Amino acid sequence: FFFGRLCLLFVEMAARRHGRLQRAASEDGSEEACACSDVVRLKPYQYIHVHDNNTNCSRVIVGPATFTRQEHEQILIYPRQCIAIPPCHYCVIENPVIRVSAGAIVRDEHGQVKVRLGDKEIRLTQEPFPLYPQEVLVNDEILPLRVLAPNTALRLKALRDFEGRSAGDEWLFEGPATYIPKIEEAIIEEICATVLRPNTGLLLRARSACKNRMGTYREAGEEWLHVGQGAYLPGVEEEIVRTVEAQILTPSRAISVEAVRGFVDVFGTRRAAGQQWLVTAAMTEAYLLGPHEKFIRDVHLTVLGPSQFCVVVDPWRDGRHLLGQRELRRGRTQFFLSPGERLEAGISDVFVLEADEALLLTATEGFVDVDPNGNKVHRCPGDRWMIYGPQEYVPSVHLTVVERRNSIALDKNEGIYVRDMKSGTVRSVMGETYMLAPDEELWEKPLPPLVLEKLQALPRDNKVRAVAPRDPTRVVTYNVPHNCVVQLYDYKSKKPRIAFGPDLVMLGPEEEFTVLKLSGGRPKEPGKIKSLCLSLGPDFMTDLVQVETSDHARLSLQLAYSWFFDCPHGDVDAATKVFNVSNFVGDACSAIASRVRGAVAGEPFDTFHRNSSSIIQAAVFGINRDTGRPNPRLEFKNNRLVVTSVDIQGVEPVDPRTREALMKSVQLAIEITTKSQEAAARHDAERREQDAKGHLERQVIDDSAKAEKERLVLLGLQAESAAIESTGASKAEAKAVAAAAEIEGESQVHIAKLRAEAQRVAVEAELSATEAQQQAELCFQAEMNKLEVEKAKQLSEIDTLKFQKSVGAVGRSTIAAMARAGPEMQAKLLKGLGLQGYLMTDGNSPINLMNAASQLTGGAVTV
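What counts, and where the lines are drawn
- Residues numbered from 1 in each chain as written.
- Predicted model: local features only at pLDDT ≥ 70, side-chain atom pairs only at ≥ 80, totals over all residues.
- Heavy atoms only, no water.
- Helix = DSSP H or I, 4+ residues; strand = E, 2+ residues; numbered from the N terminus.
- Rg over C-alpha atoms; globule rule 2.2 N^0.38 Å.
- Buried < 20%, exposed > 50% of the residue type's maximum accessible area, 1.4 Å probe, protein only.
- Lys, Arg positive; Asp, Glu negative; His and termini not counted.
- Charge placed at Lys NZ, Arg CZ, Asp CG, Glu CD.
- Pairing = 2+ DSSP bridges.
- Axes fitted to C-alpha atoms, helices over the stretch in contact; angles between N-to-C directions.
- Expected span 1.5 Å × (residues − 1).
- Bend = angle between axes of the 7 residues up to and from the residue.
- Phe/Tyr/Trp six-rings, centres within 6.5 Å; stacked < 30°, edge-to-face > 60°.
- Lys NZ or Arg CZ within 6 Å of the ring centre and 35° of its normal.
- Core = buried A, V, L, I, M, F, W, Y, C linked by side-chain atoms within 4.5 Å.
- Contact = heavy atoms within 4.5 Å.
- Salt bridge = Lys/Arg side-chain N within 4 Å of Asp/Glu carboxyl O.
- Patch = residues over 30% accessible without salt bridge, like charges linked within 9 Å, V, L, I, M, F, W, Y side chains within 5 Å.
- Areas by Shrake-Rupley, 256 points an atom, 1.4 Å probe, with all protein chains shown as cover.
- Parallel < 35°, antiparallel > 145°, perpendicular 65-115°, else oblique.
- Left-handed = near helix turned anticlockwise from the far one by under 90°.
- pLDDT = per-residue confidence, 0-100.
- Polar contact = N/O pair within 3.5 Å; in protein donor to acceptor, adjacent residues only side chain to side chain.

Some points on the overall build of the chain
A count of helical and extended segments in the chain gives 10 helices and 60 strands. For 863 residues, the compact-globule formula gives about 29 Å, and the C-alpha radius of gyration of the chain, at 74 Å, lies well above that figure. With the C-alpha coordinates of the chain rotated into their principal frame, the extents come out at 175 × 150 × 120 Å. Buried residues in the chain amount to 29% of all 863 residues. For the chain, the centre of its 103 positive side-chain charges and the centre of its 116 negative side-chain charges are spaced 2 Å apart.

Right under this line is the structure:
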């Protein structure tokens, strides 16, 4: 029983598994699920391919259906969804089935579907359809149809002959439209229309010989310009080269255009290849360059003011280009430069000459000129003349302005060098205002660098080193210092000129300074000092002279000589002799040094060391035979130099050993002297110290005695102070107590007085305040009474006036009628009721019966 139940359980599980697989195969169509089942349940729009192994043919099973596979059948394609093409979509089927015109599928004798192998078919929106055997959905995708917007087109090409088109033909499919593709054609590209804005154009080129959209026949490769506004869609045989922007022309801007080949422009003018012309705003506001035109450059308006002019080179005149000629144009005017024209030197201002100005002109070609007097003058090429101010001058094209000249104002100490260009002579003009003649020019005088350096040298105390550059055309001037002399040599007349200082020397065109090259330094070196002037002294010079004594001690002497030139001021002959020796310093120092060496050579060192001054004085100045003393001065006859004194500033041995021995002896002498001075100073210090000690001890004794005396006086004063202190304390205490009591009593009395006074003041203040308050209340009450009386009076007057006006307004008759109306009405009422009188009461109010009878008799009263 248990085994049977187990077998039954296994069979039930297998059946359930088989049922689940069949349901999975029918629901999702998966090949895994269907491969395990022979029964395939197809939903709507699902299909499978089944191959019959007996007939070797394949067929399509389309759902909804339930297919049971036989033993000789094989499922090639398990359940798939039919291809559903949504609206505006398409797909491409490769190896499509063959259909007849009615849409029926063609089959062969075996029942197999016929297909067009290697061909394709485009299918549009339709009912979902299955793929038959050998049919393939290209790229397994469904594509949307291309929708072309306005101003767009598709460039199509025929792949095979169809519908009257040959393979290779190209055409445009223009939008707006939906493009339905065909197998026989292919899309090459999508073309968008070019939107042309104002002042723009399209440069088009023909791919082949054709007629463009405007109906004009074009050759292959021909280019043309399409002008217009809006969208332009090029034809299939047209291609866009570029978009051409128009050149905007203004009254101040034009353009220069060149023809690339011969053609007729938009203005109807025949243009030759290479020809250039100008397009201005007067011709058109915006210019589009055609395919045969090339932009050269922008040409801006040339504007000449009333005081301006220009020279145009290669001008156009009467339609002819005058090459090599020049044309003068003067403002006020404005023009464009034509192609080939150019300004020679730009725009120039008219020459406005003042009274001290002139223009130097030279003729470049022969022409007839008019002078300021109105006479005709024939000018030859190369002629030079001047136009003097004041006036305005515009130069002709036949001449050239060489330069603008100004009158040169010269002070009496200023001058210029002027050279005559015809004769070549140079002269100096000084102390006047001078205008150069046409054949004159300023001459630059060359100066040696050494002279220029000395002329531009600043004084030694001048710390500012900025020196103005020299004007070589100005006359060279030199300030000769005081007590100095300058020699100038004129190479033309071969004569010197002497100038004494202080003076201002002005150099002529042919004159040069005599530069002095003097020895300087210690010892003297030739050419160390260079100067333009020679000082006449007195002055001094220093030199180092090496001498050797008779005992062969070599010494270096530093000697200073005082000198001057014996040349009176203004004596030209004497000053000429001064310049006979170019280096008077070196010559004089050499002569004096030779004398000193000769004199020192005959003396030993010790003798020279003791008598060096006298020996050198005698050697330099010589001994007077009459007095036996040295002469007062030494004179040099050839240049009138006089040496008045010789000073020995230093003597130093040249030999190191001699110098060391001399230094040792000097140091030893100094040391001996120092020690002797130290000993004397020490002895004096000891003596002073003993005297100071005795004086100190005696002073100490005197001070002790005085201190004891003062101590006795101090003790007496201390005792007396103690007694006075003891008695004074008691007295002071008693006096203090009495004074304190007295002060306290006085203070109490004073406080009582102050309190009484304060109370009095308070009472008086309170009384014053009360009186003031009462007085104020009385015044207030009086004023209030007055106001009340006045108010009552005014109210009574108002009531009286009101009553009068009311009475006046109502009238007396009306008031009398109103007064009578009440009693009369009551009388009539009682008469109507038949009563003589009545009395009404509420029972609560008392009634005066005394008056009631009279009231009853007098008339009815209502209470």
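Points about unusual backbone geometry
Put simply, R522 and P523 share a cis peptide bond, and its omega is 0°. Considering the arrangement of structural elements, one finds P523 in the loop between strand 54 (516–520) and strand 55 (525–531). P538 follows G537 through a cis peptide bond whose omega is 5°. Checked against the element boundaries, P538 lands in the loop between strand 56 (533–535) and strand 57 (539–548).

A closer look at the sheet that holds strand 23 (residues 238–245)
One open sheet holds the 3 strands; their spatial order is 21-18-23, and the pairing between them is antiparallel. One side of each edge strand has no neighbouring strand; the edge strands of this open sheet are strand 21 (223–227) and strand 23. Each strand of the sheet is rotated relative to its neighbour by a mean of 30°, with strand direction disregarded. Strand direction decides the pairing type here: strand 18 (residues 200–206) and strand 23, joined by 7 bridges, are antiparallel. For R205, the partnering residue across the bridge sits in strand 23 and is E239.

Overview of helix 9 (residues 812–833)
Across its 22 residues, helix 9 extends 32 Å between first and last C-alpha, which sits within 8% of the 32 Å expected from 1.5 Å per residue. A821 marks the point of greatest bend in helix 9, at about 35°, and the proline P823 comes within the next four residues. For helix 9, the buried fraction is low: 1 of the 22 residues fall into the buried class.

What to know about the packing of aromatic side chains
Evaluated as defined, the whole model comprises 12 aromatic pairs. Following the ring pairs from residue to residue traces out a cluster consisting of W563, F565 and F584. Above the face of the W171 ring, R165 is positioned so that its terminal group lies 4.0 Å from the ring centre. Taking NZ or CZ as reference, R379 lies 4.0 Å from the ring centre of W385, over its face.

Remarks on the pairing of strand 21
Burial along strand 21 is one-sided: the residues W224 and H226 are buried and none of E223, L225 and V227 is. Judged from the 5 bridges that link them, strand 18 and strand 21 form a sheet pairing that is antiparallel. Along strand 21, the bridge assignment pairs L203 with L225.

Some thoughts on the nonpolar core
Y561, F565, F584 and V596 are the most contacted members of the largest nonpolar core, which totals 42 residues. Per element, the largest residue contribution to this core is 8 residues, and it comes from helix 5 (residues 584–601). Setting aside residues up to four positions removed in sequence, F565 forms contacts with L534, S535, L536, V578, F584, N639, R640 and L641. V486, A499, V505 and L507 belong to the second-largest nonpolar core, a separate cluster that totals 17 residues.

A short note on the environment of H110
Positionally, H110 belongs in the loop between strand 7 (89–94) and strand 8 (120–123). As a C-alpha pair, H110 and P86 span 24 residues in sequence and 35 Å in three-dimensional space.

Details of the environment of I83
Relative to the elements of secondary structure, I83 occurs in strand 6 (residues 83–85). Put simply, I83 and G118 are 35 residues apart on the chain and 21 Å apart in space, counted from C-alpha to C-alpha.

So, the pattern of salt bridges
Under the counting rule described, the total for this entry stands at 42 salt bridges. In this structure, the salt-bridge partner of E392 is R330, at a minimum N-O distance of 3.4 Å. Linking E392 in strand 44 (residues 391–393) with R330 in strand 35 (residues 326–330), this pair joins segments that are 62 residues apart in sequence. The shortest N-O distance in the salt bridge between R687 and D691 comes to 3.8 Å. A residue pair is termed a helical-turn pair when its members lie 3 or 4 positions apart in one helix, as R687 and D691 do in helix 8 (residues 656–810) at 4 residues. You can call R687 partly exposed: its relative accessible area is 44%.

Examining the sheet that holds strand 40 (residues 357–363)
Spatially, the 3 strands line up as an open sheet ordered 43-40-45, and their pairing is antiparallel. What marks the edges here is a single partner per strand, and that holds for strand 43 (384–388) and strand 45 (399–406). The average undirected angle you get between the axes of adjacent strands in this sheet is 25°. Note that strand 40 and strand 45 share 7 bridges and pair antiparallel. Pairing of L361 across the sheet is with V401, part of strand 45.

Topic: a nonpolar patch on the surface
A surface patch of nonpolar side chains, about 280 Å² in accessible area, is lined by V266, F267 and M283. If you trace the backbone, M283 turns up in the loop between strand 28 (276–279) and strand 29 (286–287).

Some points on the side chain of D369
Note that D369 resides in strand 41 (residues 367–370). Given the relative accessible area of 15%, D369 is considered buried. What D369 contacts, discounting residues up to four positions off in sequence, is N375, K376, V377, R379 and W385.

Description of the packing of helix 5 against helix 7 (residues 612–621)
Where helix 5 contacts helix 7, the axes come no closer than 8 Å and their chain directions differ by 130°. Here helix 7 runs oblique to helix 5, going by the angle between their axes. For helix 5 against helix 7, the interelement crossing comes out right-handed. On helix 7, the residues touching I592, R595, V596 and A599 of helix 5 are I615, I616, A619 and V620.

Brief notes about the confidence of the model for the chain
On average, residues of the chain score 85 in pLDDT, and 91% of them are at 70 or above. Predicted confidence for residues 24–30 stays below pLDDT 50, and this span has 12 contacts to residues more than four positions away or in other chains. Segment residues 856–863 is flagged for pLDDT under 50; beyond a separation of four residues in sequence, or across chains, it makes 12 contacts in the model.

A word on helix 7
Turning to helix 7, its buried residues are S612, I615, I616, A619, V620 and F621. Along its buried surface, helix 7 packs onto strand 58 (554–565), helix 5, helix 6 (605–610), strand 59 (634–636) and strand 60 (641–653). Just downstream of helix 7, G622 is the residue with a positive phi angle, here 80°.

Describing the side chain of E293
Relative to the elements of secondary structure, E293 occurs in strand 30 (residues 293–300). Of the side chains bearing the opposite charge, R271 lies closest to the buried E293, which forms no salt bridge; the N-O distance is 6.4 Å. A distance of 2.4 Å separates a polar atom in the side chain of E293 from a polar atom in the side chain of Y287. Within the structure, the side chain of E293 is placed 2.8 Å from the backbone nitrogen of G290, a separation counted as a polar contact. If sequence neighbours within four positions are ignored, E293 has contacts with V257, E258, V260, F263, D265, W277, Y287 and L288.

As for the environment of R160
In this fold, R160 is placed in the loop between strand 13 (152–158) and strand 14 (170–174). Of the residues examined, R160 reaches a relative accessible area of 37% and is grouped as partly exposed. Residues R160 and E185, spaced 25 residues apart in sequence, show a C-alpha to C-alpha distance of 7.4 Å. Setting aside residues no more than four positions away along its own chain, R160 makes contact with D119, R165, S166, A167, I183 and E184.

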